[in-house]
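Structural description and commentary
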Amino acid sequence: DSALIIVASSIQIWSTNPAMEGWGQFPKEQERLSNLLRLHYEKSTSPVIFLSGDVHHAEISGQPGYLEITSSGLTHHCGQPKLYGRLCRPLLE
């Protein structure tokens, strides 16, 4: 039994935002992953963490049984006024 399982994806896995590219646009694949996750927890208590990106922001989300950590590219930050400008403060507060 593993201490921890990490699954990496270049796009968000569990996001329900239809404006963002993610596994939600691939419902059969997302359902297959859900089924694999369910089978995993029938046999194991090892936590599963999903790492994802490509949304130009960072977030941590989850439900019982998993945690998804999304990271923006390392080149994107609030110190870039031409990219984010006044959007950073309200998003961070």
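Preceding block: the structure.
Quick caveat, the model's predicted, so the values are computed rather than measured. (Residues numbered from 1 in each chain as written. Predicted model: local features only at pLDDT ≥ 70, side-chain atom pairs only at ≥ 80, totals over all residues. Heavy atoms only, no water.)

1. Some words on the overall build of the protein
A tally of regular secondary structure across the protein gives 2 helices and 4 strands. When its helices and strands are written in sequence order, the protein yields β-α-β-β-β-α. Residues classed as buried in the protein amount to 25% of the 93 residues present. Considering only residue pairs separated by 6 or more positions, the protein has 41% of its internal contacts joining residues 24 or more positions apart. With an accessible surface of roughly 6900 Å², the protein has 60% of that area assigned to carbon and sulfur atoms. (Helix = DSSP H or I, 4+ residues; strand = E, 2+ residues; numbered from the N terminus. Buried < 20%, exposed > 50% of the residue type's maximum accessible area, 1.4 Å probe, protein only. Contact = heavy atoms within 4.5 Å. Areas by Shrake-Rupley, 256 points an atom, 1.4 Å probe, with all protein chains shown as cover.)

2. Considering the sheet that holds strand β1 (residues 5-8)
The sheet built from 4 strands is open, its strands ordered β1-β2-β4-β3 with mixed pairing. With partners counted over all chains shown, the strands left at the sheet margins are β1 and β3 (59-63), one partner each. When the angles between neighbouring strand axes are averaged without regard to direction, this sheet yields 20°. Examined bridge by bridge, β3 and strand β4 (residues 66-71) share 5 bridges and lie antiparallel to one another. Along β4, the bridge assignment pairs I60 with I69. (Pairing = 2+ DSSP bridges. Axes fitted to C-alpha atoms, helices over the stretch in contact; angles between N-to-C directions.)

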